[in-house]
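Secondary and tertiary structure notes
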Amino acid sequence: MSAPTPPYDRIPPEIVSLDDYEAFARGRMDPAAWAYLAGGAADELTLRANREAYGRIRLRPRVLGDFRGANTRVELFGRTFAHPLLVAPMAFHRLAHPQGEIATAFGAAALEAGMVVSMQASVALEEIAAATAGPKWFQLYLYAERSFTESLVRRAEAAGYEALVVTVDAPVHGVRNREQRAGFRLPAGVEPVNLREMPPLPVCESPFDPAYLATLPGWDSLAWLKSITRLPVLLKGVLCADDAARAVAEGLDGVIVSNHGGRTLDTLPAAIDALPRVAERVAGRVPVLCDGGIRRGTDVLKALALGADAVLLGRPVFHGLSVAGATGVAHVLKILRTELEVAMLLAGCPTIGTIDRRVLW
Ligand SMILES: Cc1cc2nc3c(=O)[nH]c(=O)nc-3n(C[C@H](O)[C@H](O)[C@H](O)COP(=O)(O)O)c2cc1C
């Protein structure tokens, strides 16, 4: 595997959109790492659907509104965020930049964006937390074995993470053919450093091997997690309203509508198409967030209109990181935030609270 091309020390002026960042990043990352980042499961139908679905939704403009005091503030778990854009949890940021998650944290903090740090981060969770004062949540996968998870939760609490995000849509690695064809392997020096003490998972031919099945978490694992922490716990990877209703009934504090960026089960619907039913069922009892395919401020507006309280941004953050490090991450978030403000102004919404289905055509 070749090392990533060094980041630019200034942002090429022709980069004006998140898609521009993707085009630049593609030429800079090692091809196998690119396949890992960009790829989805199997035929990548869900990966494509995430974006196509936003393209099918039409907005309804409003003119001559009163915008005095307009802002993009949102409140989540008792903290006010300047805007509803968070960095989604993604493994191994050092694939894109030598500073990895530290650079991402700087970029996110510069734009006052919340950052969800993956359990599979390539930098120690304490170092990422200490790098900036920006709000951070910690994402983890649960396993039947609990003592390692508990130690991770204690570390996250001690480091100042403000919420836990439990990802439940990837109990098994998706059938990632693009990644397989490219022969992706983690390069030397990039590893999930926070998991060094984790008991190894059994290596099994089939996910139905009883040894593998014995590692899987259940709803009882969530109840246990709630019982050992006072941090809010969000469930990430919910598309089905029944699962969202169960999450609320089990006392979870938030739901993230996501198909893992099309990386787990192919032919799932686009996240934005699953969002309305989940949001209706949750009915405001807990925050609902959404990710997958968000590349434009208009996409953010549509997600908020269909029931999201905030959104997460995945691959574009990696693209910004690979092109220009922390500055690139900040610029990606800045582009999206400004686009959201433009879209809100043209759709007649001075605040996030005024965004609802009336902005849709
Ligand atoms: C390279 C990569 C690594 C990811 N790693 C994780 C992870 O460790 N934990 C997790 O919950 N989701 C992970 N995801 C999924 C993202 O959190 C998010 O759901 C998805 O990327 C959103 O779609 P988008 O990339 O189209 O914005 C990963 C996604 C990518 C692209």
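Now for a look at the structure at hand. Computed from a prediction, not measured in an experiment: that's the story for all the values here. (Residues numbered from 1 in each chain as written. Predicted model: local features only at pLDDT ≥ 70, side-chain atom pairs only at ≥ 80, totals over all residues. Heavy atoms only, no water.)

1. Some words on the overall build of the protein chain
A tally of helices and strands in the protein chain yields 13 helices and ten strands. Its C-alpha atoms give the protein chain a radius of gyration of 19 Å, within 12% of the compact-globule value 21 Å for 361 residues. Along the longest, intermediate and shortest principal axes, the C-alpha atoms of the protein chain span 60 × 50 × 40 Å. Taking all contacts inside the protein chain whose residues are at least 6 apart in sequence as the whole, residues at least 24 apart take part in 74%. Put simply, the protein chain shows about 15,600 Å² of open surface, and 54% of that area lies on carbon and sulfur atoms. (Helix = DSSP H or I, 4+ residues; strand = E, 2+ residues; numbered from the N terminus. Rg over C-alpha atoms; globule rule 2.2 N^0.38 Å. Contact = heavy atoms within 4.5 Å. Areas by Shrake-Rupley, 256 points an atom, 1.4 Å probe, with all protein chains shown as cover.)

2. Quick notes on the site of the ligand
Of all residues adjacent to the ligand, which total 22 residues, the nearest are Pro 89, Ser 118, Thr 167, Asp 291 and Gly 293. Backbone polar atom of Ala 91 to a nitrogen atom of the ligand: 3.1 Å apart, as the coordinates give it. Ser 118 is positioned such that a nitrogen or oxygen atom in its side chain is 2.8 Å from an oxygen atom of the ligand. Alone, the ligand offers 600 Å² of accessible surface; in the complex the protein occludes 99% of this. Of the residues that constitute the shell around the ligand, the class distribution is seven nonpolar, ten polar and five charged. (Near = heavy atom within 4 Å. Polar contact = N/O pair within 3.5 Å; in protein donor to acceptor, adjacent residues only side chain to side chain. Nonpolar A, V, L, I, M, F, W, Y, C, P; charged D, E, K, R; others polar.)

3. Some details on the sheet that holds strand 9 (residues 288–291)
Pairing within the closed barrel is parallel, and its eight strands lie in the order 3-4-5-6-7-8-9-10. Strand-to-strand twist of the sheet, defined as the mean angle between neighbouring strand axes without regard to direction, takes the value 30°. Direction of pairing for strand 5 (residues 136–140) relative to strand 6 (residues 164–167): parallel, over a ladder of three bridges. Residue pairing in the sheet places Gln 139 in a bridge with Val 165 of strand 6. Across the sheet, helix 4 (residues 101–110) lies against strand 3 (85–87), strand 4 (114–118) and strand 5, angled at about 165° from strand 4, the strand it touches most. Along the sheet, helix 9 (residues 219–228) contacts strand 6 and strand 7 (233–238); its crossing angle with strand 7, the most-contacted strand, is approximately 155°. (Pairing = 2+ DSSP bridges. Axes fitted to C-alpha atoms, helices over the stretch in contact; angles between N-to-C directions.)

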